[in-house]
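Residue-level structural notes
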Amino acid sequence: MAKARGKLSGKALADFNAKHPRGSGGKFGTGGGAAAALNLPTPAPAVPHVNAPSVHPKSRAAQRLAAATPASSGTTTAVPVTGRARSALKTPTPQAKPVAQPSPGKPVVTTRPSTAWPAGTGTAVDINGANVGAVVLDPKTGIWMPFGNRVHAKGQFKTEQEAIDALVAAATPRKVTGPGLSGLNLTEVSVPPQSGTFGNAKFSHEIQSSGTPIGTVHYWGYGYTAETPSGQLISGPNGHTFRTKSQAAQALAAQHGITPAAKTQKAPAPPPVLTVSTDPEINAALDILYGKDAKGHTIARQLEVYGGLRRSQYDQLGPAEKSTVLGDLSFIASTSKGPNATKASKLVDRFTPPGTPHGQVPKQAIHIPPNVAVNQSHVTDPAGTLGLLSVKPKSQRGKSGDGWTSTSSGGRGPWGQYGAAGLMLRHVDANGEERFLMVERGPGISDPGMWQFPGGAKEEKETFHEGAAREVVEELGFQESDLDTARVHGTHTKEVPSVTVPSLQGGKVPWAYVSIAATVDRQLMPDLSTPHAQQETSDAKWMTRAEIDKLDTKGKLLKPLAGGQLQQNILTLFPSAPAQGVTARTNPLKRPSRLRGTPTISAPKAVTHKPSTGRNLVSDTASRDKLRQDVKQARSKYSGKVADDRLAAIGAMQGFDDVPTVVTKSEFDRLLASGDYIEAWRGVRGAGGGVNQWRPGRGGAVTNSKTAHDVNEEFRSGPAYYGNGIFGNGYYFATDKSVAAGYADSSKGSLLRVLIPKKANIVAHSAIRSEAQASGSQRSKAKGNSHETATLWDEGRFAAAKGHDAIEIKSNMSSSHVASSGKPAFNILNRSVLIVEEAP
Amino acid sequence: MTTAIPQHLDLEQRLTELLGTRDVHPDDRAAIQDAYMLAPTWEQLPQAIRDKVEELEKLPRQSWDDPFDVPDQLD
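Everything numeric here is computed off the predicted structure, so don't read it as measured data. (Residues numbered from 1 in each chain as written. Chains lettered and ligands numbered in written order. Predicted model: local features only at pLDDT ≥ 70, side-chain atom pairs only at ≥ 80, totals over all residues. Heavy atoms only, no water.)

**Some words on the overall build of chain A**
Along the backbone of chain A there are 23 helices and 30 strands. In chain A, buried positions account for 51% of the 840 residues. Once local pairs closer than 6 in sequence are excluded, the contacts in chain A between residues at least 24 apart make up 65%. Of the accessible surface of chain A, which amounts to about 37,300 Å², a share of 54% is contributed by carbon and sulfur atoms. (Helix = DSSP H or I, 4+ residues; strand = E, 2+ residues; numbered from the N terminus. Buried < 20%, exposed > 50% of the residue type's maximum accessible area, 1.4 Å probe, protein only. Contact = heavy atoms within 4.5 Å. Areas by Shrake-Rupley, 256 points an atom, 1.4 Å probe, with all protein chains shown as cover.)

**As for the environment of B:Thr41**
Here B:Thr41 lies in the loop between α2 (26-38) and α3 (47-56). For the pair B:Thr41 and B:Leu11, spaced 30 residues apart in sequence, the C-alpha to C-alpha distance is 5.7 Å.

**Some remarks on the confidence of the model for chain B**
Low pLDDT marks regions whose predicted coordinates should not be analysed in detail. All names here are of chain B. Looking at chain B as a whole, its pLDDT mean stands at 78, while 71% of the residues score no less than 70. Across chain B, the element-wise mean pLDDT spans from 82 in helix α1 (residues 7-21) up to 95 in α3. This stretch, residues 67-75, has a pLDDT under 50; its non-local contacts, to residues over four places away or in other chains, come to 21 contacts. Per the prediction output, this complex has pTM 0.43; the corresponding ipTM is 0.89. (pLDDT = per-residue confidence, 0-100.)

**Points about the nonpolar core**
If you look at the biggest cluster of nonpolar residues, it comprises 61 residues, and the most contacted ones within it are A:Phe715, A:Tyr731, A:Phe733, A:Val754, A:Ile828, A:Leu834 and B:Ile32. In terms of residue count, helix α17 (residues 645-654) of chain A provides more of this core than any other element does, 5 residues in total. Apart from the residues within four sequence positions on either side, A:Tyr731 is in contact with A:Arg682, A:Phe715, A:Pro719, A:Ala720, A:Tyr721, A:Tyr722, A:Phe826, A:Asn827, A:Ile828 and A:Arg831. (Core = buried A, V, L, I, M, F, W, Y, C linked by side-chain atoms within 4.5 Å.)

**Section: helix α5 (residues 245-255) of chain A**
Residues and elements named next belong to chain A. Counting buried positions along α5 yields 8 of 11 residues, so the element is predominantly enclosed. Taken together, the buried positions of α5 are Lys245, Ser246, Gln247, Ala248, Ala249, Ala251, Leu252 and Ala253. In this fold, the buried residues of α5 make contact with β7 (186-191), β8 (203-209), β9 (212-219), β10 (224-227) and β11 (233-234). Two residues or fewer past α5, Gly257 is found with a positive phi of approximately 70°.

**Concerning the pattern of salt bridges**
For the structure on display, the rule yields 39 salt bridges over all chains. Of the charged contacts in the structure, one is a salt bridge between B:Asp23 and A:Arg646, with a shortest N-O distance of 2.7 Å. Separated into two different chains, B:Asp23 in the loop between α1 and α2 and A:Arg646 in helix α17 make up a pair that spans both. Both residues of the pair, B:Asp23 and A:Arg646, count as buried. Measuring nitrogen to oxygen at the nearest pair gives 2.8 Å for the salt bridge that ties B:Glu57 to B:Arg14. Here B:Glu57 is found in the segment after α3, whereas its partner B:Arg14 is found in helix α1, with 43 residues between them in sequence. (Salt bridge = Lys/Arg side-chain N within 4 Å of Asp/Glu carboxyl O.)

**Section: the side chain of A:Asp805**
Residues and elements named next belong to chain A. Structurally, Asp805 can be placed in the loop between α23 (795-801) and β28 (806-809). Among buried Asp, Glu, Lys and Arg side chains, Asp805 stands out as unpaired, with Arg615 the closest opposite charge at 11 Å. The contact partners of Asp805, leaving out residues within four places of it in the chain, are Ser612, Phe656, Ala760, Asn761, Asn827, Ile828, Leu829, Asn830 and Val833. (Lys, Arg positive; Asp, Glu negative; His and termini not counted.)

**Comments concerning the environment of A:Glu227**
All names here are of chain A. Mapped onto the secondary structure, Glu227 falls in strand β10. When its relative accessible area of 17% is taken as the criterion, Glu227 is described as buried. Between the alpha carbons of Glu227 and Val217 there is a distance of 6.3 Å; along the sequence they are 10 residues apart. Residues in contact with Glu227, not counting those within four places in the same chain, are Gln194, Gly215, Thr216, His218, Gln232, Leu233 and Leu252. Of the polar contacts made by the side chain of Glu227, one reaches the side chain of His218; its length is 2.7 Å. (Polar contact = N/O pair within 3.5 Å; in protein donor to acceptor, adjacent residues only side chain to side chain.)

**Things to note about the packing of α2(B) against α3(B)**
Residue and element names in this part refer to chain B. α3 packs onto α2 with a crossing angle of 130° between their chain directions and a minimal axis gap of 10 Å. The pairing of α2 with α3 is recorded here as oblique in orientation. The handedness of the crossing between α2 and α3 is left-handed. Taking contact as the criterion, the partners of Asp28, Ala31, Ile32 and Ala35 in α2 are, on α3, Ile49, Lys52, Val53 and Leu56. (Axes fitted to C-alpha atoms, helices over the stretch in contact; angles between N-to-C directions. Parallel < 35°, antiparallel > 145°, perpendicular 65-115°, else oblique. Left-handed = near helix turned anticlockwise from the far one by under 90°.)

**Topic: the sheet that holds strand β6 (residues 174-175) of chain A**
Residue and element names in this part refer to chain A. Spatially, β6-β7-β8-β9-β10-β11 is the arrangement adopted by the 6 strands of the open sheet, whose pairing is antiparallel. Each having just a single partner strand, β6 and β11 make up the two edges of the open sheet. Pairing of β7 with β8, which is carried by 6 bridges, proceeds in the antiparallel orientation. Bridging from a neighbouring strand, Val191 pairs with Ser204 of β8. (Pairing = 2+ DSSP bridges.)

**Regarding the pairing of β7(A)**
Residue and element names in this part refer to chain A. Within β7, 6 of the 6 residues are buried, which leaves the element mostly enclosed by the surrounding structure. Along β7, one buried face is formed by Leu186, Glu188 and Ser190 and the opposite face, lined by Thr187, Val189 and Val191, is buried too. In the sheet, β6 pairs with β7 via 2 bridges, with the strands oriented antiparallel. Pairing of Arg174 across the sheet is with Glu188, part of β7.

**As for the pairing of β28(A)**
Residue and element names in this part refer to chain A. Of the pairings in the sheet, the one linking strand β27 (residues 762-764) to β28 comprises 3 bridges and is parallel in character. Each residue of the ladder has a partner; that of Ile762, found in β28, is Ala806. As paired strands, β28 and strand β29 (residues 825-828) are joined by 4 bridges and run antiparallel to one another. By the bridge assignment for β29, Ile809 is matched with Ala825.

**Thoughts on the confidence of the model for chain A**
All names here are of chain A. Averaged over every residue, the pLDDT of chain A is 72; the share at 70 or more is 71%. Every residue in residues 261-275 scores below 50 in pLDDT, and together they form 15 contacts with partners more than four places removed in sequence or on other chains. Scored below 50 in pLDDT, residues 689-702 shows 39 contacts in the model against residues more than four places distant or in partner chains.

**Focus on the side chain of A:Glu795**
By secondary structure assignment, the location of A:Glu795 is in helix α23. The residues touching A:Glu795, leaving out its near neighbours within four places in the chain, are A:Phe727, A:Gly728, A:His765, A:Ile768, A:Arg769, A:Ile807, B:Arg29 and B:Gln33.

**Here's the deal with helix α12 (residues 464-476) of chain A**
Residues and elements named next belong to chain A. Along its 13 residues, α12 runs 18 Å from first to last C-alpha, staying within 8% of the 18 Å computed at 1.5 Å per residue. Within α12, 10 of the 13 residues are buried, which leaves it mostly tucked inside the rest of the structure. Of all the residues in α12, the buried ones are Glu466, Gly467, Ala468, Ala469, Arg470, Glu471, Val472, Val473, Glu475 and Leu476. A positive backbone phi angle near 70° is found at Gly477, which sits one or two residues after α12. (Expected span 1.5 Å × (residues − 1).)

**Considering the packing of aromatic side chains**
Enumeration according to the criterion identifies 6 aromatic pairs over all chains in this entry. Ring centres of A:Phe727 and B:Tyr36 lie 6.3 Å apart, and the angle between their planes is 45°; on these two criteria the pair is classed as tilted. Placement of the pair is A:Phe727 in the loop between α20 (708-717) and β25 (731-734) and B:Tyr36 in helix α2, with the two residues belonging to separate chains. Members of the aromatic cluster, joined through ring pairs, are A:Phe715, A:Tyr722, A:Tyr731 and A:Phe733. The ring of A:Phe464 has A:Lys458 lying over it, and the distance from NZ or CZ to the ring centre is 5.3 Å. Over the ring of B:Trp42 we find B:Arg14; its NZ or CZ atom is 3.9 Å from the centre of that ring. (Phe/Tyr/Trp six-rings, centres within 6.5 Å; stacked < 30°, edge-to-face > 60°. Lys NZ or Arg CZ within 6 Å of the ring centre and 35° of its normal.)

Okay, here's the thing in structure tokens:
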């Protein structure tokens, strides 16, 4: 006789067992334990059993159900689940349906004793007849734990029912909501957190479209990554992680061609390919490229026509056309002198992504002292060689190399009793922008605060490559497998002849520091939380060449690398990064041949602004306190990189640090004419713009090393860099052009024109100030020295924390203020919602 | 060639430096902002506000125009 054993626990279970000894119909009792949890139960054992409704035996629902369900009925009973599984499961089920006939669209949850666990300790859980996992009792603690077959359920519960609820909730797909996801109808389920790529994910969610998995989103504590079912990683903006889960999910959807438009009846029109351009500047360039311009072979004509191309027009050219334009310009830059070479060089810069090495005419901000290279190997392998950066097992490394050496005269030599090695890693993103991994020396080693690439003492039986790889893994918390895809381009060796050390091959050799140059296929994310890293590394950052130059000029590079030595000895080991979609020119001294066939260009893309992403992070006292603590933790990440590290931290939390949408002048004017935007300007002064006379020793809104054009270009495409302001920190824009012009120097590009969407989340300064005062009044002025307390005192930070994109500042004053009568100013906090005119 | 600093920009830069880089309580911020909107030069500011500005300028900086000015240890 089968009994309704179903879901019993505690006293009810004991009572049941007392009345019904073990038999083929049940699996009750104790034994086993949580250690067996990794062996998940198999679905649907061929054991006769009876399912009872999944309710807590002591609950009112259980009592009602017990009355409604005869204990000896011997029938299968199921509970339909709608919405919140737990509440549904508690509902009495006079209308309960068999498993075989579930209500359409409503999952049916059933339970049965699991054969995969010691008797009485495991209960298999099925949804619509398919097993999703089991809940397991630890008999020693009386704790129930859910284990999903595929989904990730976690937690420890006092009752079996709570554990079942958690498992059902984890296995029930939830709708994914967020900006940009409207209409996509994506759902998600928790899956086991990924390990390996960037360490251990905090959680991972499988994203589904109409029940079909389209990929997985992983959260790493600082951002999200998206992974396709085939394991391909999708990068966020600028090659970094996504700020929000919705952004990552949106990227997965886009990867599968799932867009709101595609979900509605409108099929996306194929991008038109024009065979004849209506743009005279593009046509003039095509005439040169295809040999149809009688004077097109002359330098003067090429510079004239190519100089008339804007970046957006150049972007419409095909890869062959782009390559030929760059080939012509490289030829002129390499073979001409004077103004022609200069102009050609500048045009190469215009058409290549920011940060692209100049190739034939490299710019060096640092003066390179002659003859600094020592024993430098040749760059013989531009493509790089795989497999050179493995970490040798500890048991095979021999003695530690930590320790100072001695010179032949008895003085102290360099650190590393078997020599030392470093690894300079480079990443080139899809736009051809190079970044190099640099680290700041930590408090536990010499020269704290100085920057270098990671490295350290080699151990006795390591090669220099193995030593460098191990040091990078140890210092930055990487996985050893992270370097599997690194391609080594070359090495630079610096010897100290006065110090000899044991050689790997036996005998003594001069002490040497070997620097290795390698390119990786993604920007590995350092984890500086390990004790080793905390001692040796204060910070780690992927830097551009310009940022490294700046460290050098500021005296922040470690001495052996300073004065241009890093640039000359190490960076030269790397091959030039090719521009996006364009084959690198290998011989700039040869003019490229003219193209044949029919010119084709891409149609300009229709553009719109990005959506607002901000949320109210300070809706109540608890959330305000949490934000203050979060900012306190996060601000150190931005110290030394931005003006206001607290605002940078809040901006990053809100996704405000994404880049804006850059458009051509004609597109800008078209959008302005739509009436949906507010036109505004930002004027900046750069190096040479008189700023030093205005603010001695300071760069105003910029640093002394940048031009105004550079500063505004950084706003378009660089990292977020909020400025200081009287009405809250942020980016200041004036709707009165003459006001903005007063803040600009006379250089080209010092005035930036933007469109602020009227639909953006804009708050009046008077309103946000009142709120900040009300919030601040709860805190004593005497606590003014607590920077954590003062986080929300600044209107810019407070508004950003509330999710506002911008603050509108009105004034009745003359144009001596940023806001003039009838023409307000805006403090922009979320630059990503702006439309920005491309560089002139 | 050295450019003289216009008076109104002199005040603006001073207050930007103060309010943008120091932790000034919202009540004090509001008083200074309101006074600034009515008086574009230092001399035109009420004496009480000028005293307040000079007092608050003694607070430690919390943000920096040039990141390389940031001290190594923040509390």
